[in-house]
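# Remarks on the overall topology
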Amino acid sequence: MFDVKGRLHKILDTLPQGVRLVAISKYHPNEYIEAAYAEGQRVFGESHEQELRQKHEALPKDIEWHFIGHLQTNKVKYIAPYVSMIEAVDSLKLLKEINRQAEKQGRVIRVLLELHIAEESTKYGLTLDACRELLDGPEWRELKNVKICGLMMMASFVDDKEQIRREMQTALDFFHEVKEKYFASDPDFCERSWGMSDDYRIAVETGSTMVRIGTSIFGPRVY
Ligand SMILES: *Cc1c(COP(=O)(O)O)cnc(C)c1O
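Procedures and definitions
Residues numbered from 1 in each chain as written. Predicted model: local features only at pLDDT ≥ 70, side-chain atom pairs only at ≥ 80, totals over all residues. Heavy atoms only, no water. Helix = DSSP H or I, 4+ residues; strand = E, 2+ residues; numbered from the N terminus. Buried < 20%, exposed > 50% of the residue type's maximum accessible area, 1.4 Å probe, protein only. Contact = heavy atoms within 4.5 Å. Polar contact = N/O pair within 3.5 Å; in protein donor to acceptor, adjacent residues only side chain to side chain. Near = heavy atom within 4 Å. Nonpolar A, V, L, I, M, F, W, Y, C, P; charged D, E, K, R; others polar. Phe/Tyr/Trp six-rings, centres within 6.5 Å; stacked < 30°, edge-to-face > 60°. Lys NZ or Arg CZ within 6 Å of the ring centre and 35° of its normal.

Turning our attention to the environment of Lys144. In this fold, Lys144 is placed in the loop between helix 6 (128-136) and strand 6 (146-153). According to the relative accessible area criterion, Lys144 is exposed, its value standing at 61%. Sequence spacing of Lys144 and Arg107 is 37 residues, and the spatial spacing of their C-alpha atoms is 9.6 Å. Setting aside anything within four residues of it in sequence, one finds Lys144 in contact with Asn99 and Val108. A polar contact is formed between the side chain of Lys144 and the backbone oxygen of Arg141, at a distance of 3.0 Å.

Moving on: the site of the ligand. The environment of the ligand is made up of Ile24, Lys26, Ile68, Met152, Met154, Met196, Ser197, Arg212, Ile213, Gly214, Thr215 and Arg221. Note that an oxygen atom of the ligand is positioned 2.8 Å from one of the backbone N or O atoms of Gly214. In this structure, an oxygen atom belonging to the ligand sits 2.7 Å away from a side-chain N or O atom of Arg221. The residue makeup of the shell around the ligand, split by class, is 6 nonpolar, 3 polar and 3 charged.

It is worth spelling out the side chain of Ser197 at this point. Among the secondary structure elements, Ser197 is positioned in the loop between strand 7 (191-193) and helix 8 (200-205). Accessibility expressed as a relative area gives 13% for Ser197, which makes it buried. Within the local environment of Ser197, its side chain forms a polar contact with the backbone nitrogen of Thr215, the two atoms lying 3.4 Å apart. Among the polar contacts listed, one links the side chain of Ser197 to the backbone nitrogen of Ser216, at a separation of 3.0 Å. Beyond its immediate chain neighbours, meaning those up to four positions away, Ser197 contacts Arg212, Ile213, Gly214, Thr215 and Ser216.

With that settled, consider the packing of aromatic side chains. All told, the structure shown has 6 aromatic pairs when counted by the stated rule. Residues Tyr27 and Tyr223 carry aromatic rings whose centres are separated by 4.4 Å and whose planes lie at 70° to one another, so their mutual orientation is edge-to-face. With Tyr27 in the loop between strand 1 (20-24) and helix 2 (30-38) and Tyr223 in the segment after helix 9 (215-218), the pair connects residues that are 196 residues apart, well separated along the chain. With a relative accessible area of 68%, Tyr223 lands in the exposed category. Relative to Phe189, the ring of Phe183 lies with its centre 3.9 Å away and its plane at 5°, an arrangement referred to as stacked. Both residues of the pair, Phe183 and Phe189, count as buried. The ring of Tyr78 is capped by Arg53, whose NZ or CZ atom sits 4.8 Å from the centre of that ring.

The following block contains the structure:
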């Protein structure tokens, strides 16, 4: 098996205090997750509902599952009973559906708003203006079963480190803007989820509190 244990510790050793690791286990077998679990890792991220459901059923129940992919509203009901955080909320419609399903479960589900800052048109997420518009509106404040805990973004998939840094800095600046304007008295709004295998070091330097790392821990994905 791939040296999950060694790879995991190598990453954990480089993360400063205040930055948590979400181990992205999509497309990787349960044995790999168990290997990381045995080392104390408890937060894992998946991006497909069915795969997540199967892993949730098979693996220890104290794993905190983050849903990191694009989530269709009709899939929310399947993960609402157990998901720990939904990281990529990109519309009010999705936020409302998460609230509805969380209420049915008697839960409050923690979410992040996903920003679209990368230049690639393929990436999902709210533009900064769309995010402002959402938060300017009254509706999200009525949703008692979702808790907006921060922001999430993916930088452009490019080699240009300065571009990646600029995009993450834009996200960080925007976090402070939003924090001050809408969440000044809410200590739960504190998470900044950026940084993947190739760019997490830059992310740590630009205020990330949560890095989402897959390949560097588990190796290349087999699709
Ligand atoms: C797959 C994925 C990751 C992890 O990417 P790696 O390059 O394997 O570390 C992080 N975030 C999101 C949203 C992903 O879909």
